[in-house]
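An overview of the molecular structure
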Amino acid sequence: MKRIGLLTSGGDAPGMNAAIRAVVRTAIYYGMEVFGVERGYAGLIEGQLIPMEMRSVSNIVQCGGTRLRSARCMEMLTKEGQEKAVETIKKNGIEGLVVIGGDGSFRGAKILSEQYGIPTIGIPGTIDNDLEYTDYTLGFDTAVNTCLDIINKLRDTMTSHERVSVVEVMGRHCGDIALYSGIASGAEIIVVPEIEFSIEDIVERIKRSRANGKHSNIILIAEGVMSAEKFATKLQELTSYDVRPTCIGHVQRGGSPSMADRMLAAQFGNRAVRLLKDGIGNRVVGIRDNKIIDMDIIEAVSMKKTFDRELYETLQMISM
Ligand code: ATP
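Below is a short write-up of the structure. Given the structure is predicted, the values throughout are model-derived calculations rather than measurements.

With respect to the sheet that holds strand β1 (residues 3–8)
Strand order in the open sheet formed by seven strands is β3-β2-β1-β4-β5-β10-β11, and the pairing between neighbours is mixed. Each having just a single partner strand, β3 (49–52) and β11 (291–296) make up the two edges of the open sheet. Pairs of neighbouring strands in the sheet enclose a mean axial angle of 25°, with direction left out of account. Two strands pair when backbone bridges link them, and strand β10 (residues 283–288) and β11 are joined in this way by six bridges, in the antiparallel orientation. Across the sheet, arginine 288 pairs through a bridge with lysine 291, a residue of β11.

In structure tokens, the structure reads:
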């Protein structure tokens, strides 16, 4: 393979730039040309390509966001859109494609592979950690660290005023950001889409912790359950404690990637290009048991994300 394309798609995630760099540098190492596609599938459909050189990716390993920009593109869901994307690929002599994105982006990649025979490799770039086949997705670690920074600050002020803090983190269907941020920050309670909650039980837990000498409480709620504002209002109706909502919001998506995410980016990008170099497509890369892996894209996309109940129980036992 002599010429490959590269795009970032869906919600952006810290570490996408480091992955772009790893893909470009590895490809150049193997004597391959790389075209960066701007604005994800939208740019692929519209033919927005830029040649990527060694120095195109200088000084970006530490930057959040994505230099190629990203987009949600409804046209890619249609046959016409997909055909236009394939036309761009063929017209520019692109022989393989690297797609950095989440579950939705992988579905687009799967169609290009399966229905149009374009060798495609997916790199899991999403803060949500919602892909079952990989232990971690790119950007998750940084997003959780951003949450921790904010929760630490909230804990200071909540303790001074003996308040209950309800903090909304991202996660429409997957509670991993709440789970990991909860354990690592010492939050007393997490409310996630995967597990039913009882507000009465939560009030009981708060009362028990106060009786045990606690001066504040942190409750993390994933956005998919309800907003922090709505949850705080419900809770306030049932308790005399002062309840304050905070939504962390898009801050979670930004910032310089952590060491863990830069390491993933380097290894994911490198593996993706090595696969294409060997003429292998239709796969996704990931990490399992601390080893970089790759697997069939169709299989990966069909796997249902499971929630780590053991970690959830750990939180319940140690945070009180
Ligand atoms: P995140 O996890 O951050 O939300 P994502 O990749 O899952 O990232 P989506 O918005 O679901 O984000 O998908 C990104 C893009 O992938 C969509 O805007 C669309 O262009 C393409 N896409 C999603 N689903 C499909 C599909 N079933 N077929 C073809 N293309 C798709």
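Considering the packing of aromatic side chains
Taken as a whole and assessed by the stated rule, the structure comprises seven aromatic pairs. Seen in terms of ring centroids, tyrosine 29 and tyrosine 30 are 5.1 Å apart; in terms of plane orientation they differ by 90°. Their pairing is edge-to-face. Among the aromatic residues, those joined into a ring-pair cluster are Tyr136, Phe140 and Tyr180. Taking the ring centre of tyrosine 241 as reference, the NZ or CZ of arginine 210 above it sits at 4.5 Å.

Some remarks on the packing of helix α6 (residues 176–185) against helix α11 (residues 309–318)
α11 packs onto α6 with a crossing angle of 35° between their chain directions and a minimal axis gap of 10 Å. The hand of the α6/α11 crossing is left-handed. Residues Leu179, Tyr180, Gly182 and Ile183 of α6 form the contact with α11, whose own contacting residues are Leu311, Tyr312 and Leu315. When grouped by side-chain class, the residues that make up the contact of α6 with α11 number six nonpolar, one polar and no charged.

Topic: the site of the ligand
The immediate surroundings of the ligand are formed by 18 residues, with Arg72, Cys73, Gly102, Gly104 and Ser105 found nearest. The separation between an oxygen atom of the ligand and a polar main-chain atom of glycine 11 is 3.2 Å. A distance of 2.5 Å separates an oxygen atom of the ligand from a polar side-chain atom of serine 105. Calculation on the ligand without its partners gives an accessible area of 620 Å², and the protein chains cover 84% of this total. Looking at the shell around the ligand element by element, the count peaks at six residues for helix α4 (residues 103–116). Tallied by class, residues from the shell around the ligand come to five nonpolar, eight polar and five charged.

Topic: the pattern of salt bridges
Evaluated as defined, the whole model comprises 16 salt bridges. With its nearest N and O atoms 2.8 Å apart, the salt bridge here joins aspartate 242 to arginine 163. Here aspartate 242, found in strand β9 (residues 242–247), pairs with arginine 163, found in strand β6 (residues 163–169); they are 79 residues apart in sequence, far enough to count as distant. A salt bridge links aspartate 176 to lysine 305, with the shortest nitrogen-to-oxygen separation between them at 3.1 Å. In this pair, aspartate 176 sits in helix α6 while lysine 305 sits in the loop between α10 (297–302) and α11, placing the two residues 129 residues apart along the sequence. When salt bridges that share partners are traced, they join Arg155, Glu188 and Lys214 into one network.

Reading the values: rules and limits
- Residues numbered from 1 in each chain as written.
- Predicted model: local features only at pLDDT ≥ 70, side-chain atom pairs only at ≥ 80, totals over all residues.
- Heavy atoms only, no water.
- Pairing = 2+ DSSP bridges.
- Helix = DSSP H or I, 4+ residues; strand = E, 2+ residues; numbered from the N terminus.
- Axes fitted to C-alpha atoms, helices over the stretch in contact; angles between N-to-C directions.
- Phe/Tyr/Trp six-rings, centres within 6.5 Å; stacked < 30°, edge-to-face > 60°.
- Lys NZ or Arg CZ within 6 Å of the ring centre and 35° of its normal.
- Left-handed = near helix turned anticlockwise from the far one by under 90°.
- Contact = heavy atoms within 4.5 Å.
- Nonpolar A, V, L, I, M, F, W, Y, C, P; charged D, E, K, R; others polar.
- Near = heavy atom within 4 Å.
- Polar contact = N/O pair within 3.5 Å; in protein donor to acceptor, adjacent residues only side chain to side chain.
- Areas by Shrake-Rupley, 256 points an atom, 1.4 Å probe, with all protein chains shown as cover.
- Salt bridge = Lys/Arg side-chain N within 4 Å of Asp/Glu carboxyl O.

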